[in-house]
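Each chain is listed here by its residues.
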Amino acid sequence: MPKLELLPAVDVRDGQAVRLVHGESGSETSYGSPLEAALAWQRAGAEWLHLVDLDAAFGTGDNRALIAEVAGAMDIKVELSGGIRDDASLAAALATGCRRVNLGTAALETPEWVAKVIAEHGDQIAVGLDVRGTTLRGRGWTRDGGDLYETLARLDSEGCARYVVTDIAKDGTLQGPNLELLKNVCAATDKPVVASGGVSSLDDLRAIASLVPDGVEGAIVGKALYAKAFTLEEALQAVSG
Ligand SMILES: O=C(O)c1ccccc1NCC(=O)[C@H](O)[C@H](O)COP(=O)(O)O
């Protein structure tokens, strides 16, 4: 089996590590200190951390200082997401030393700016394609933002290096990933895809890993780790290739 990258998630709301259901504000379960969670994933052998500022994504403030503290404490690669929509928020995100950022809303609302930063920053920029069905959602997944495949074609033509694909209906539910969606996105682009949302078991991770030849590069895992469905060590072993 080809190796799948694993990105344990730390989603931050109001200073706490949380998981949401379907990404809905108000559905939080709290898991304590984001720094402790991130350090725990690093100690367990993670090569990547997926770090999300949910307040910045929802427009309910931000956790910028805390996000910078967590990213700065990591020896591993960090992917940063949530509310990165203009030069100031992008500069703050990149200044944390993160390896890459995920743009979401900006790719839907300010495509010219996104084309510009893709040209400037190359593979430090990924785009999060967060969908319900095949309709993209922005502003913390609260607003419709166009067709998945039309947007993907546009971003491909602009040289976007990578996509993080989330089925919102699965996110935070432990109901398994949407493998069909991942296959369809991989068929529509030559660029690597990171799967996000719904992982519940080691078998789910093995199923995602079976799509590495199609173009899936990694998988984000949140709720399953916090709910102790398996350990990160077990997950890394399961997808080690
Ligand atoms: O990433 C965002 O910008 C975001 C915005 C609004 C709501 C949720 C958002 N991200 C959630 C995640 O990235 C989760 O950590 C990830 O999908 C893990 O999901 P799961 O394994 O199902 O807990």
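Residues numbered from 1 in each chain as written. Predicted model: local features only at pLDDT ≥ 70, side-chain atom pairs only at ≥ 80, totals over all residues. Heavy atoms only, no water.

1. Some points on the packing of aromatic side chains
- Tallying each qualifying case throughout the model produces two aromatic pairs.
- Ring centres 4.6 Å apart and planes at 35° place the aromatic pair Y31 and Y226 in the tilted group. Taken together, the residues span a long stretch of sequence, with Y31 in the loop between β3 (29-30) and α1 (34-43) and Y226 in helix α10 (residues 223-226) at a distance of 195 residues.
- Under the relative-accessibility criterion, Y31 is labelled partly exposed at 26%. (Phe/Tyr/Trp six-rings, centres within 6.5 Å; stacked < 30°, edge-to-face > 60°. Helix = DSSP H or I, 4+ residues; strand = E, 2+ residues; numbered from the N terminus. Buried < 20%, exposed > 50% of the residue type's maximum accessible area, 1.4 Å probe, protein only.)

2. Concerning the pattern of salt bridges
- Following the criterion strictly, the structure yields 14 salt bridges and no others.
- A salt bridge links R99 to D123; the nearest nitrogen and oxygen atoms lie 3.3 Å apart. Of this pair, R99 sits in the loop between α4 (87-95) and β6 (100-103) while D123 sits in the loop between α6 (111-121) and β7 (125-132); the two residues are 24 residues apart in sequence, bridging distant segments of the chain.
- The residue E158 makes a salt bridge to R154 at a minimum N-O spacing of 3.7 Å.
- Accessibility expressed as a relative area gives 26% for E158, which makes it partly exposed.
- Judged by relative accessible area, R154 falls into the partly exposed class, the value being 24%.
- By sharing partners, the salt bridges in this structure join D11, R19 and D171 into a single network. (Salt bridge = Lys/Arg side-chain N within 4 Å of Asp/Glu carboxyl O.)

3. As for the site of the ligand
- Lining the immediate environment of the ligand, one finds 21 residues, of which R19, D171, G172, S196 and G198 sit closest.
- Between D11 and the ligand, the recorded distance is 2.8 Å, taken from a side-chain N or O atom to an oxygen atom.
- The contact in question runs from an oxygen atom of the ligand to an N or O atom on the backbone of G198, over 2.7 Å.
- Isolated, the ligand exposes 540 Å² of accessible area, and the fraction of that covered by the protein chains is 95%.
- Of the pockets mapped on this structure, the ligand occupies the largest cavity.
- Within the residue set of the shell around the ligand, elements represented by two or more residues are β1 (5-13), β4 (48-53), α2 (54-58) and β12 (216-221). (Near = heavy atom within 4 Å. Polar contact = N/O pair within 3.5 Å; in protein donor to acceptor, adjacent residues only side chain to side chain. Areas by Shrake-Rupley, 256 points an atom, 1.4 Å probe, with all protein chains shown as cover. 1 Å grid on protein atoms, 1.4 Å probe; cavity = no way out; pocket = protein on both sides within 12 Å on 5 of 7 lines; lining within 4 Å. Sits in = over half its atoms within 2 Å of the grid points.)

4. Comments concerning unusual backbone geometry
- Of note in this structure, H22 is not a glycine but carries a positive phi near 55°.
- Here H22 lies in the loop between β2 (16-19) and β3.
- Accessibility expressed as a relative area gives 25% for H22, which makes it partly exposed.
- Phi angles above zero are rare outside glycine, and W141 is one such case at about 70°.
- Its location among the elements puts W141 in the loop between β8 (135-138) and β9 (143-147).
- Look at W141 and you get partly exposed, because its relative accessible area is 22%.

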